[in-house]
Amino acid sequence: MKITFRHPGWLGVFLTVPIAGYAVSGWTDYAYIEELTQSSHGRFLVKLKVSKNPTRCKNKEMFYRAYRMPGAQHMYVKLENAVESGKKVRVHVTGRCELNGYSEISSVTILASK
């Protein structure tokens, strides 16, 4: 079976268009944690009322991290500490969005003062 392209120029267009056009990573602004949820779905969720979220994910306030990923346990403990102390946090988003539109995180920072 032989496959031929009638318009080979289209192949060049598809190869030059960025596949991960929506993958924007970076830091959110600092915000108080509205909700911190452990789940049985292999990840934890955190809700932050941020005004700046660099990803183009649908839900701008929900973030997640899979438990199996490196550093997840340390991030969860840090987020728990922020809830207990009432301090603001910011998260680094990877640019990856899951099916519900939540942003994946790779780092957590706690603001030293309230």
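Residues numbered from 1 in each chain as written. Predicted model: local features only at pLDDT ≥ 70, side-chain atom pairs only at ≥ 80, totals over all residues. Heavy atoms only, no water.

Draft legend 1. Local environment of the sheet that holds strand β5 (residues 89-97). Strands sit in the order β1-β5-β6-β4-β3-β2 across an open sheet of six strands; the sheet is mixed. Because the sheet does not close on itself, it has two edges, and the strands there are β1 (26-27) and β2 (33-38). With two bridges joining them, strand β4 (residues 62-66) and strand β6 (residues 103-110) adopt parallel strand pairing. The residue bridging Y64 from the neighbouring strand is E104, located in β6. (Pairing = 2+ DSSP bridges. Helix = DSSP H or I, 4+ residues; strand = E, 2+ residues; numbered from the N terminus.)

Draft legend 2. Examining the pairing of β6 more closely. Summarising the sheet, β5 and β6 pair through six bridges and their orientation is antiparallel. When the bridges of β6 are listed, C97 appears paired with S103. Turn length for the β5-β6 hairpin, with the two strands adjacent in sequence and antiparallel, is five residues, and the turn residue G101 shows positive phi of about 90 degrees.

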